[in-house]
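These are the residues of each chain, in order.
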Amino acid sequence: MLNPMIGMPQGAEWLVILAIVVLVFGAAKLPDLARSSGQALRIFKTETKNLRDNDDDDDPKSPEQREIELRNEAQAQAEARSETPGEVLRERRDDTTA
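Heads up: these notes are all about the structure in this document. (Residues numbered from 1 in each chain as written. Predicted model: local features only at pLDDT ≥ 70, side-chain atom pairs only at ≥ 80, totals over all residues. Heavy atoms only, no water.)

### So, the overall build of the chain
Summing up its helical and strand segments, the chain has 3 helices and 0 strands in all. Ordered by position from the N terminus, the helices and strands of the chain form the series α-α-α. Taking all 98 residues of the chain together, 1% fall into the buried category. Taken as a whole, the chain presents about 9,700 Å² of accessible surface, with 58% of it coming from carbon and sulfur. (Helix = DSSP H or I, 4+ residues; strand = E, 2+ residues; numbered from the N terminus. Buried < 20%, exposed > 50% of the residue type's maximum accessible area, 1.4 Å probe, protein only. Areas by Shrake-Rupley, 256 points an atom, 1.4 Å probe, with all protein chains shown as cover.)

### Re a nonpolar patch on the surface
A contiguous nonpolar patch, built from Val 16, Ile 20, Val 24, Phe 25 and Leu 33 and spanning about 460 Å² of accessible area, is present on the exposed surface. Among the elements that make up the nonpolar patch, the one with the highest residue count is helix H1 (residues 11–25) (4 residues). Relative to the assigned elements, Val 16 resides in helix H1. (Patch = residues over 30% accessible without salt bridge, like charges linked within 9 Å, V, L, I, M, F, W, Y side chains within 5 Å. Salt bridge = Lys/Arg side-chain N within 4 Å of Asp/Glu carboxyl O.)

### Quick notes on the packing of helix H2 (residues 30–53) against helix H3 (residues 63–81)
In the contact formed by H2 and H3, the axes pass within 10 Å of each other and the chain directions differ by 105 degrees. What the angle tells us is that H2 and H3 run roughly perpendicular. Facing Ile 43, Thr 46, Glu 47 and Asn 50 of H2, the residues of H3 in contact are Pro 63, Glu 64 and Arg 66. Class assignment for the residues of the contact of H2 with H3 results in 2 nonpolar, 2 polar and 3 charged. (Axes fitted to C-alpha atoms, helices over the stretch in contact; angles between N-to-C directions. Parallel < 35°, antiparallel > 145°, perpendicular 65-115°, else oblique. Contact = heavy atoms within 4.5 Å. Nonpolar A, V, L, I, M, F, W, Y, C, P; charged D, E, K, R; others polar.)

### Quick notes on the environment of Pro 9
As for its placement among the helices and strands, Pro 9 is situated in the segment before H1. Contacts of Pro 9, omitting those with residues within four sequence positions, involve Trp 14 and Ile 17.

Now the structure itself:
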């Protein structure tokens with residue numbers, strides 16, 4: 001028999017848990033924490049899907065590798081469309097520290 005006092009947190013308990021998380025990690029770190037956990041969940045889902053599909057590819061790549069390749073292809077296409085190919089973009093730095 002289950003104890004009715006033990007169970008999933010209800011409304012007010014979630015607020016207390018959220019307050020504790022904000023105190024432990026800090027408000028500035030929460031977006032990074034959420035982003036990294038979302039990325040980890042996305043990678044986990046794609047890997048489990050690949051295991052279920054049981055694809056026997058000659059060149060299995062991780063999601064990070066595929067994303068890097070897509071970014072490189074997009075960058076190459078953007079460079080091909082630019083008016084002056086080979087143009088070097090330079091970052092201007094303002095190193096005026098006292």
